[in-house]
Structures are given as structure tokens and as C-alpha cells.
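# Structure assessment
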Amino acid sequence: MTVEIRHNWSLSEIEALLSLPLVDLLWQAQQVHREANPGYRVQLASLLSVRTGGCEEDCAYCPQSMHNSSDVSGRPELELQVAAVLERAEAAKQAGAQRFCMGWAWREIRAGAPFEAMLEMVKGVRKLGLEACVTAGMLNADQAHRLAEAGLTSYNHNLDTSPEHYGEIITTRTYQERLDTLQLVRQAGINLCCGGIIGMGETFRDRASLLQVLASLNPHPESVPINGLVAVEGTPLEHQQPYENLDLLRMVATARILMPHSRVRLSAGREQLSQEAQILCLLAGADSIFYGDTLLTTSNPKVETDRALLAAAGVQPFIVA
């Protein structure tokens, strides 16, 4: 088949894909995946929380928000400890990770010593031969360009959900501000890592709408994390009804069809999936996973478990030189 790159998917087209019989959806996604991403290798990405908790945003799902009783601020911080962060990056590399992602629980990047340390961390991660990704909230054009000069591979800034459902999840930052941040990152020549979360009380149409926004970005985000809500005690969504695992699978498969060359990354919530469900996600087009025991503040499958998963699926990770 010939893979078609489009940025004009209609909401009805995406809803039709999401609602296909599952075997048909998986077959279509698998065809696109094998054509667009020959070799069938999976990128392993490690994620470290450099600055944890105390965030000014009121994201309903997040245990790092100062608005939620779950706020995890008070943990030892690494935001000025460049050497300690690079030690963690080296350990991630030795464990097989190809990308090292660093997170700061900020509404926006803070100027001064913390930002200068961030730049040194990015430079150090790149010197190790790893891709470097940062997530730290909003930024300005000068900060984006300085991150690009430091060698940053990718900047993560998720849309979280659809424009229609967004106000139910966060009120301290607008959807347009998120899109503006993505534009600044793109203008600086940095790759985009941008996805969303399911299981936050959104409708079927909301999921299609989120995918429509992502697929409308031109070019498509180089990485698209697909997250399932981890309902953390002390957050407004702690009692949210769990999503169906097959719904996450449908999101992965549809994202692969809409954005053929993007890395579709299985992210938060993966620990709730059985090995069989994760293999189905790999079959459907997921070609990256977060690798390591924690994701910022929530747990993740252990390294040994993930090695067994990849072996069972018969897929190989990208090799770091």
C-alpha cells in the first residue's frame, strides 16, 4: 500500500476509523506501520523528574499540582544538580534507553540558574549519544532557540484532551497557549512530542477531536505519546471510572493511521495493561515505550519486564552506539 500523509482529516473520518471492527482497524494500522516504519524496532525512552511538585497549573489528573492534595512537592530536587542528572542518563543508556526525557513541574520555564542548568543537562545528554527531550511547560522564543542551540532533540507539550473537553480538565492555561508553545518549539527547529490522555471522562468524539488536532499539525509531531489516566488519590479524577484497555489500543492504531511516520509512544497507564494487550499495541503501531521503573511520579513496568515483553513480541529496540 502507499502511505498517504494528510493534515486535513475530518472529524467524521476519524470517528469512522476509531469505530471500525477491531480486527479491521488493527489490520489497517499494521499495513501503515510496516510500510512507513520498516524494520519494526521500538524506541526505549527513559523519563526523569528533575523538578517535582508545586506546579501552578490545576490539571485535574496531576499529582504535581499545588491545587491538589496529592501535590508531591518536597521531594529532593535535581534542578541544579547537573552531574546527578547526567549520572541517571548514563544509567538509562546502559540499560538500553535511546532517549532521555527530563521533566520540570513548572507552568513555564523559569529564567536564571534553573534554565542554565537545564541547558547543561541537555548538552550532557547529547554528548552521551542519547536523544534529549524536555517537558517544562510554556516557553518563549529565546528559550526555545537556546534549547535548540544546546542540542535538544524534542520538547514535550501534550494537548491532554480535545478542545471541547479541555475546560473540564484544566483552567489555568488555555488550549491556544498550548498550541502557541508548540509553534514556538517548531519555529526553533526542535522536534515535537505531543499527545494526550484518555480516561478523563471524555466522550468518544472528544478522543477523535484530540486526534484531529494532532493530525492537523503540519508537520505531524515526531512523537505522539498515548496515555491512559492513572487515577491518583488526592486528584479531582481519583474516582474516575477506568477506561477500557481496548480503547487505548484503538487510540494507538488510529494515531498510527493518521500520522504514519510519528513515533507513537505507549506512555502512562501501560502498567495496567497485560503483556498481551501491550503486544497488541505494538502490533497496532506503537513503536516507542517509556522504559524504567517510574514515570515522573507514577510507576511503570520494570526494565526486566519490558525486556521480556519485547522478546515475547519478537521486536528489537533501537541500539545506542
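All values reported here derive from a predicted model rather than from experimental measurement.

This brings us to the overall build of the chain. Assigned secondary structure in the chain consists of ten helices and twelve strands. Against the globule reference of 20 Å for 321 residues, the chain gives a C-alpha radius of gyration of 18 Å, in line with a compact fold. With the C-alpha coordinates aligned to their principal axes, the bounding extent of the chain is approximately 50 × 45 × 35 Å. By residue count, 57% of the 321 residues in the chain fall in the buried class. Of all intrachain contacts in the chain linking residues separated by at least 6 positions in sequence, the fraction that spans at least 24 positions is 75%. In the chain, which carries 26 positive and 37 negative side-chain charges, the distance between the mean positions of the two groups comes to 6 Å.

Closest axis-to-axis distance for the helix H1 (residues 11-18)/helix H7 (residues 204-216) pair is 9 Å, and the angle between their directions is 115°. Crossing angle aside, the handedness with which H1 passes H7 is right-handed. In contact with Leu11, Ile14, Glu15 and Leu18 of H1, H7 contributes Phe204, Arg205, Arg207, Ala208, Ser209, Leu211 and Gln212.

For the rest of this paragraph, the subject is the side chain of Ser154. As for its position among the elements, Ser154 is in strand E4 (residues 154-156). Its relative accessible area of 0% is what places Ser154 among the buried residues. Not counting the four nearest positions on each side in its chain, Ser154 is found in contact with Arg99, Ala132, Cys133, Val134, Ile190, Asn191, Leu192 and Cys193.

A few words on the packing of helix H2 (residues 22-36) against helix H9 (residues 275-284). The angle between the axes and the distance between the axes are what describe a pair of packed helices. Viewed as axis vectors pointing N to C, H2 and H9 meet at an angle of 55°, and their least axial separation amounts to 7 Å. On the basis of the axis angle, H2 is oblique to H9. Contacts from Leu26, Ala29, Gln30 and His33 in H2 reach Leu280, Leu282, Leu283 and Ala284 in H9. Grouping the constituent residues of the contact of H2 with H9 by class yields six nonpolar, two polar and no charged.

The topology assignment puts Val315 in the loop between helix H10 (303-313) and strand E12 (316-317). Its relative accessible area of 9% is what places Val315 among the buried residues. For the pair Val315 and Tyr61, spaced 254 residues apart in sequence, the C-alpha to C-alpha distance is 32 Å. Beyond its immediate chain neighbours, meaning those up to four positions away, Val315 contacts Tyr40, Val42, Leu282 and Leu310.

Averaged over every residue, the pLDDT of the chain is 90; the share at 70 or more is 92%. In this model residues 295-299 is a low-confidence stretch, pLDDT under 50, and it forms 21 contacts with partners more than four residues away in sequence or in other chains.

With that settled, consider the environment of His33. Along the chain, His33 falls in helix H2. In this structure His33 comes out as buried when scored by relative accessible area, which is 1%. Setting aside residues up to four positions removed in sequence, His33 forms contacts with Pro38, Tyr40, Arg256, Leu282, Gly285, Ala286 and Asp287.

So, about the nonpolar core. Membership of the largest hydrophobic core comes to 93 residues, with the highest contact counts inside it found for Met102, Leu147 and Tyr155. Among the elements that take part in this core, helix H8 (residues 245-258) stands out by supplying eight residues, more than any other. One finds Leu47, Cys101, Cys133 and Phe290 within the second-largest nonpolar core, a separate group that totals six residues.

Turning next to helix H6 (residues 175-187). The end-to-end C-alpha distance of H6, which contains 13 residues, comes to 19 Å, matching closely the 18 Å that a straight helix rising 1.5 Å per residue would cover. Of the surrounding elements, those touching the buried residues of H6 are E4, strand E5 (191-193) and H7.

The amide bond that connects Asn218 to the next residue, Pro219, takes the cis arrangement and shows omega of 0°. Structurally, Pro219 is set in the loop between H7 and strand E7 (223-228).

Attention shifts here to the packing of aromatic side chains. For the coordinates displayed, the defined rule picks out two aromatic pairs. Taken together, a centroid distance of 6.1 Å and an interplanar angle of 40° make the contact between Trp104 and Trp106 tilted. Overall, Trp104 belongs to the buried group, its relative accessible area being 4%. A ring pair is formed by Tyr166 and Tyr175, whose centres lie 5.1 Å apart and whose planes are at 85°; its orientation type is edge-to-face. The exposure class assigned to Tyr166 is buried, which follows from its relative accessible area of 5%. Judged by relative accessible area, Tyr175 falls into the buried class, the value being 10%.

As for its position among the elements, Asn37 is in the loop between H2 and strand E1 (41-51). Among the polar contacts listed, one links the side chain of Asn37 to the backbone oxygen of Pro260, at a separation of 3.1 Å. Those residues in contact with Asn37 that lie beyond four places of it in its chain are Arg256, Pro260, His261 and Asp287.

Counted under the stated rule, the structure contains 16 salt bridges. The salt bridge partner of Glu15 is Arg205, with a shortest N-O separation of 2.9 Å. Placement of Glu15 in helix H1 and of Arg205 in helix H7 is noted, with a sequence separation of 190 residues between them. The exposure class of Glu15 is buried, given its relative accessible area of 15%. Given a relative accessible area of 47%, Arg205 falls into the partly exposed group. Between Glu222 and Arg186 there is a salt bridge whose closest N-O contact spans 2.9 Å. On the criterion of sequence distance, the pair formed by Glu222 in the loop between H7 and E7 and Arg186 in helix H6 is long-range, its members being 36 residues apart. One salt-bridge network, in which partners are shared between bridges, spans Glu57, Arg107, Arg173 and Glu177.

Conventions we followed
Residues numbered from 1 in each chain as written. Predicted model: local features only at pLDDT ≥ 70, side-chain atom pairs only at ≥ 80, totals over all residues. Heavy atoms only, no water. Helix = DSSP H or I, 4+ residues; strand = E, 2+ residues; numbered from the N terminus. Rg over C-alpha atoms; globule rule 2.2 N^0.38 Å. Buried < 20%, exposed > 50% of the residue type's maximum accessible area, 1.4 Å probe, protein only. Contact = heavy atoms within 4.5 Å. Lys, Arg positive; Asp, Glu negative; His and termini not counted. Charge placed at Lys NZ, Arg CZ, Asp CG, Glu CD. Axes fitted to C-alpha atoms, helices over the stretch in contact; angles between N-to-C directions. Left-handed = near helix turned anticlockwise from the far one by under 90°. Parallel < 35°, antiparallel > 145°, perpendicular 65-115°, else oblique. Nonpolar A, V, L, I, M, F, W, Y, C, P; charged D, E, K, R; others polar. pLDDT = per-residue confidence, 0-100. Core = buried A, V, L, I, M, F, W, Y, C linked by side-chain atoms within 4.5 Å. Expected span 1.5 Å × (residues − 1). Phe/Tyr/Trp six-rings, centres within 6.5 Å; stacked < 30°, edge-to-face > 60°. Polar contact = N/O pair within 3.5 Å; in protein donor to acceptor, adjacent residues only side chain to side chain. Salt bridge = Lys/Arg side-chain N within 4 Å of Asp/Glu carboxyl O.

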